Amino acid sequence: MKLKKFEGNPILSPNPKNDWENLVVCNPGVFYDEGKFYMLYRAAGDDEAHIIRFGLAISDDGYHFERMSDKPVLGPSEEGPDMGCIEDARIVKFDDYYYVTYAFRPFPPGQYWKFAHDEVLTEDHGAHAPHFIKKNMANSALAMTKDFKNWLKLGRITDSNLDDRDVILFPEKINGKYAMLHRPKEWIGEHYGVKNPAVWIRFSDDMLVWNEPSHLLIDGIDGGWEEKVGGSTPPLKTDKGWLVLYHGVEKGGLGYYRVGAVMLDNDDPTKVIGRTKDYIMEPEFDYEIEGYYKGCVFPTGNMIVDDTLYVYYGGADKYIGLATCNVNELIEFTLSEAQNS
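Procedures and definitions
Residues numbered from 1 in each chain as written. Predicted model: local features only at pLDDT ≥ 70, side-chain atom pairs only at ≥ 80, totals over all residues. Heavy atoms only, no water. Core = buried A, V, L, I, M, F, W, Y, C linked by side-chain atoms within 4.5 Å. Buried < 20%, exposed > 50% of the residue type's maximum accessible area, 1.4 Å probe, protein only. Helix = DSSP H or I, 4+ residues; strand = E, 2+ residues; numbered from the N terminus. Contact = heavy atoms within 4.5 Å. Phe/Tyr/Trp six-rings, centres within 6.5 Å; stacked < 30°, edge-to-face > 60°. Disulfide = S-S within 2.5 Å. Pairing = 2+ DSSP bridges. Axes fitted to C-alpha atoms, helices over the stretch in contact; angles between N-to-C directions. Salt bridge = Lys/Arg side-chain N within 4 Å of Asp/Glu carboxyl O.

**Considerations on the nonpolar core**
Leu40, Phe54, Ile91, Tyr102, Phe148 and Trp151 are the most contacted members of the largest nonpolar core, which totals 25 residues. Those elements that place two or more of their residues in this core are β3 (36–44), β4 (52–59), β6 (85–94), β7 (97–105), α1 (131–134) and β8 (139–145). When sequence neighbours within four positions are dropped, the list of residues in contact with tryptophan 151 reads Leu40, Val73, Leu74, Val100, Ala143, Met144 and Thr145.

**So, the packing of aromatic side chains**
Using the criterion set out here, one finds 29 aromatic pairs in the structure. Measuring from ring centre to ring centre gives 4.6 Å for tyrosine 32 and phenylalanine 37, while their planes differ by 50 degrees; the resulting arrangement is tilted. Among the residues examined, phenylalanine 37 registers a relative accessible area of 2% and is labelled buried. Ring centres of phenylalanine 94 and tyrosine 99 lie 5.9 Å apart, and the angle between their planes is 85 degrees; this geometry places the pair in the edge-to-face category. Since its relative accessible area comes to 13%, tyrosine 99 is described here as buried.

**Regarding the state of the cysteines**
Under the defined criterion, the tally for this structure stands at zero disulfides. Here cysteine 26 is not cross-linked by a disulfide; its sulfur's nearest cysteine counterpart is in cysteine 296, at 8.2 Å. With a relative accessible area of 0%, cysteine 26 lands in the buried category. Judged by its relative accessible area of 2%, cysteine 296 falls in the buried class.

**Some words on the sheet that holds strand β20 (residues 308–315)**
If you walk across this open sheet you meet the four strands as β1-β21-β20-β19, and the pairing is antiparallel. Each end of this open sheet is capped by a strand with a single partner; those strands are β1 (4–5) and β19 (297–305). Looking at chain direction, β1 and strand β21 (residues 319–326) are connected through two bridges and run antiparallel. Paired with lysine 4 across the bridge in β21 is threonine 324. Packed on one face of the sheet, helix α3 (residues 327–335) meets β19, β20 and β21 and runs near 80 degrees to β21.

**Here we look at unusual backbone geometry**
With an omega of -5 degrees, the peptide bond between asparagine 9 and proline 10 qualifies as cis. By the secondary structure assignment, proline 10 is in the loop between β1 and β2 (24–33). Non-glycine residue histidine 50 carries a positive phi angle of around 65 degrees. Examined against the element boundaries, histidine 50 turns out to sit in the loop between β3 and β4. On the basis of relative accessible area, histidine 50 is assigned to the buried category, the value being 1%. In this structure, aspartate 95 is a non-glycine residue whose phi angle is positive, near 55 degrees. Along the polypeptide, aspartate 95 turns up in the loop between β6 and β7.

**Quick word on the pairing of β8**
By the criterion of burial, β8 is predominantly enclosed, with seven of the seven residues buried. What you see with β8 is no split at all: Asn139, Ala141, Ala143 and Thr145 on one side and Ser140, Leu142 and Met144 on the other are buried throughout. Across seven bridges, β7 lies against β8 in antiparallel orientation. Among the inter-strand pairings, valine 100 is bridged to a residue of β8, identified as alanine 143. Where β8 and strand β9 (residues 151–156) come together, five bridges link them in antiparallel fashion. Looking at β9, one finds that methionine 144 is bridged to leucine 152. What sits between the antiparallel neighbours β8 and β9 is a turn of five residues, in which phenylalanine 148 has the positive phi angle 65 degrees.

**Concerning the pattern of salt bridges**
Counting across every chain of the model gives 24 salt bridges. Glutamate 288 serves as the salt-bridge partner of lysine 5, at 3.0 Å between the closest nitrogen and oxygen. With a gap of 283 residues between them, lysine 5 in strand β1 and glutamate 288 in helix α2 (residues 286–289) connect regions that are remote in the sequence. Each member of the pair, lysine 5 as well as glutamate 288, is classed as buried. Here glutamate 87 makes a salt bridge to arginine 42, at a shortest N to O gap of 3.3 Å. Of this pair, glutamate 87 sits in strand β6 while arginine 42 sits in strand β3, and the two are 45 residues apart along the sequence. An identical accessibility class is assigned to glutamate 87 and arginine 42; each is buried. Several salt bridges share partner residues, and in doing so they unite Arg90, Asp118, Asp163, Asp166, Arg183 and Lys185 into one network.

Here's what the structure looks like:
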């Protein structure tokens, strides 16, 4: 089974009229609420520092989006740990507030596609500077808003000395606790039981305090399309379990980013009850291959409307695409004996 890509892709592209989004528009958080799709997208202009911000677009049908402002709706702080960039929003809602997890750095990363893999710009602040500052480390933070215009930045929710991204909240409490997916890059080796960065889950009584032990959820598979994995989209609750999309990266071959799905037990999401052996989406078209990461489909937003799953993704770190499927077909596929044998 493969997700069906919208023939009108990319649904959002860099905007030459605005210098803060004239180079990159990708990796959107999306939420469907009261008949409208709200898209919080990652954007960057053609500046050497590569400062990254969020723009806002809205749609009535989920396919055609209109930008809401010529200016970013949220950006790096002038002073503080997220001075460099904010990126890759994931959105859930509790009561009247949208809660947005996002990655950030203390300094802009630079145009990273011109560097070696996994390298960013750094600055020298002396031998005693914290690891976070020395390495221009990616951390993850939480913000809340009622309208995507007025914001409360709540601060870091991961350890400062870990490159811990793909941090995604579950959209409701489970057994009285909040739940979070995360992917600490440094948690590899014999002590952690994984060879490559993996997806972990942890619980908390407070959205800003995540100090309970994490549980390994899924790890990579040697020699396949998903040797390194990370969470992609917010979990969606169904009557058969939590549906979660994740991304997988091959270390050899073309180094493509592809997409798989897992089903987690509704009452105990540490239990994986189904996982796709085969990927359900891969780079195929120019807007997914010819960009700043050549060969990448990276979902960050998904919603179920009626029986349709809408999946919003970054293409090649430059564009935004949409793919859809019947959600019940994807659930059955993910739980099938053929995929889990």
